[in-house]
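# Architecture at a glance
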Amino acid sequence: MASWAERTVFWHVYPLGFTGAPSAAGGPVRHRLRHLEAWLGHAAELGCTALMLGPVFAAETHGYDTVDHYVLDPRLGDDADFDSLVARAREHGLRIVLDGVFNHVGRSFAGDHGWLRKGPDGAYDTFEGHGRLVALDHGQEAVRRHVVSVMDHWLSRGASGWRLDAAYAVPPEFWSAVLPEVRARHPEAWFVGEVIHGDYADYVTRSGLDSVTQYELWKAIWSSLNDRNLYELAHALGRHDDLLATFAPLTFAGNHDVTRLATRLDDPRHLGHALAVLFTVGGVPSVYYGDELGLRGVKEEREGGDDAVRPAFPASPAELDGSGREVLELHRRLIALRRRHPWLARARTRVTHLDNRTAALHTSAGGPALHTLLNLDDNPYRFPLPDDGPWAAGDDGDPALVPAHGWRVLTTPPGAGEP
């Protein structure tokens, strides 16, 4: 893994939605990508160190139907707008990771249509039944060369890595042929694949990717809190711990494809619990834009069903109404804690206390440790603390006593404290 990635907290943005771009291509070039520049200070003040951008390349509609991988979507701007964003992001200490849709393309793809995969009946294969998304033929050398060329082009323009959309639908051997050539030119580039189900570690090993998306942990976080069944979380953390022997997963509590965390949780008092888990266990954490403000939104399985979780943002943070300030400060505190302990990327977590409604998570990489205490009960709970203390909380209270529906992150050695 690129050394910078293990110290990274991402701010994940869907640019077409964020900038209020039209839902379909057409019309003159509009320089909407500049709109994102006004928010770079917000991302940096949040504590994030990199942007993970959704699709920015020329596409027919939502961006995942790419028509030209070398051209910025005219709804967002042109090369000068991309170069400006890279330069301004660097001024704020932010890297940029791009979203590469290399499993499928739009029907009006500008490349060679001989690269598209056909079924036995001679018709183009499509992605998961979406008629306008045509699969690339990953068995062709020309397709491999195209992907290498595209990755090289944008890495040379200042990107630091790639999120590989629908990587699970691409044979891992395709990536294992592409990535060494790209890394030879860009040794510090980082590559994460979208993988939802299956054997994450096996896919990473066979593909040569640095990371994949940790959907198992995402689901367990909100589901265990809603059901008040922390055994589910403990089970998922055990599997997560096994993954860390192979790679550091991309962890998240929300993204562009799922219902927002603030909507998903049945009890708003448990938002802090979810975030405490996200920022105190191993992996590379990502915050989806708007989650840090407590935005709500439901993902629906229909055309346009993503719109509610991909909203436009105002011209600048100055236009926010302040309603999400408490959630914003909570994110800042926990991200600051995360950045003070960069060893967390590869840290292992042991569940040292567990019942349905209370759990204690001991996270360490062999040196200092964090102890995350979760209480979903209607009454305060005094946790047994492990022997490798003494432990310090961020206040002068009893570190072992957690209020009803409360949480704490304890640190060792003393003096580290919470943010």
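Notes on the structure follow. (Residues numbered from 1 in each chain as written. Predicted model: local features only at pLDDT ≥ 70, side-chain atom pairs only at ≥ 80, totals over all residues. Heavy atoms only, no water.)

A few words on the overall build of the chain. Per the secondary structure count, the chain includes twelve helices and 19 strands. Rg of the C-alpha trace for the chain: 22 Å, near the compact-globule value of 22 Å for 419 residues, within the 12% margin. Considered along the principal axes of its C-alpha atoms, the chain spans approximately 65 × 45 × 40 Å. Looking at the 419 residues of the chain, the share that counts as buried comes to 58%. Here the chain carries 41 positive and 56 negative side-chain charges, and the mean point of each set is 2 Å from the other. (Helix = DSSP H or I, 4+ residues; strand = E, 2+ residues; numbered from the N terminus. Rg over C-alpha atoms; globule rule 2.2 N^0.38 Å. Buried < 20%, exposed > 50% of the residue type's maximum accessible area, 1.4 Å probe, protein only. Lys, Arg positive; Asp, Glu negative; His and termini not counted. Charge placed at Lys NZ, Arg CZ, Asp CG, Glu CD.)

Moving on, we come to the packing of helix α5 (residues 141-156) against helix α6 (residues 172-185). Two numbers describe how α5 lies on α6: the axes approach to 10 Å, and their chain directions differ by 35°. Between α5 and α6 lies a crossing whose hand is right-handed. Counting all contacts with α5, which are made through V143, R144, V147, V148, M151, D152 and L155, the residues of α6 involved are F174, W175, A177, V178, L179, E181, V182 and R185. For the contact of α5 with α6, the per-class residue count stands at eleven nonpolar, no polar and four charged. (Axes fitted to C-alpha atoms, helices over the stretch in contact; angles between N-to-C directions. Left-handed = near helix turned anticlockwise from the far one by under 90°. Contact = heavy atoms within 4.5 Å. Nonpolar A, V, L, I, M, F, W, Y, C, P; charged D, E, K, R; others polar.)

What follows covers the packing of α6 against helix α7 (residues 200-207). Packing of α6 against α7 leaves a shortest axis separation of 7 Å and a crossing angle of 40°. As far as their axial angle goes, α7 and α6 are oblique. On the side of α6, the interface is formed by P172, E173, W175, S176 and L179, while α7 contributes Y203, R206 and S207. Broken down by class, the residue content of the contact of α6 with α7 amounts to four nonpolar, two polar and two charged. (Parallel < 35°, antiparallel > 145°, perpendicular 65-115°, else oblique.)

Moving on, we come to the sheet that holds strand β19 (residues 407-412). As summarised here, the arrangement of the four strands in space is β14-β15-β16-β19, forming an open sheet in which the pairing is antiparallel. Bordering the open sheet on either side are β14 (348-354) and β19, each of which pairs with just one other strand. On average, each strand axis in the sheet is inclined to that of its neighbour by 20°, with strand direction left out of account. Here strand β15 (residues 358-364) pairs with strand β16 (residues 369-375) via seven bridges, running antiparallel. Bridging from a neighbouring strand, L361 pairs with T372 of β16. (Pairing = 2+ DSSP bridges.)

Moving on, we come to the packing of aromatic side chains. For the coordinates displayed, the defined rule picks out 21 aromatic pairs. Ring centres of F57 and W162 lie 6.0 Å apart, and the angle between their planes is 35°; on these two criteria the pair is classed as tilted. One end of the pair, F57, is in strand β3 (residues 57-59); the other, W162, is in strand β9 (residues 161-164), with 105 residues separating them in the sequence. The burial state of F57 is the same as that of W162; both residues are buried. Both rings, one in Y381 and one in F383, keep their centres 4.9 Å apart while their planes meet at 75°; by these two values the pair is edge-to-face. An aromatic cluster of at least three residues, connected via ring pairs, comprises W11, F18, W39, Y288, Y289 and F313. Over the face of the ring belonging to W222 we find K219, whose NZ or CZ atom lies 6.0 Å from the ring centre. Over the ring of Y289 we find R260, and its NZ or CZ is 5.6 Å from the ring centre. (Phe/Tyr/Trp six-rings, centres within 6.5 Å; stacked < 30°, edge-to-face > 60°. Lys NZ or Arg CZ within 6 Å of the ring centre and 35° of its normal.)

This part covers the pairing of β16. Along β16, seven of the seven residues are buried, which leaves the element largely enclosed by surrounding structure. Residues A369, H371, L373 and N375 line one face of β16 and the alternating positions L370, T372 and L374 line the opposite face, and both faces are buried. Taken together, the six bridges between β16 and β19 define a ladder with antiparallel strand orientation. Opposite L370, over in β19, you have T411 as the bridge partner.

For α6, with 14 residues, the first-to-last C-alpha span of 21 Å sits near the 20 Å given by 1.5 Å per residue. In the structure, α6 departs most strongly from a straight axis at L179, where the bend amounts to approximately 25° and where the proline P180 lies between one and four residues downstream. Contacts from the buried residues of α6 go to α5, β9, β10 (190-193) and α7. (Expected span 1.5 Å × (residues − 1). Bend = angle between axes of the 7 residues up to and from the residue.)

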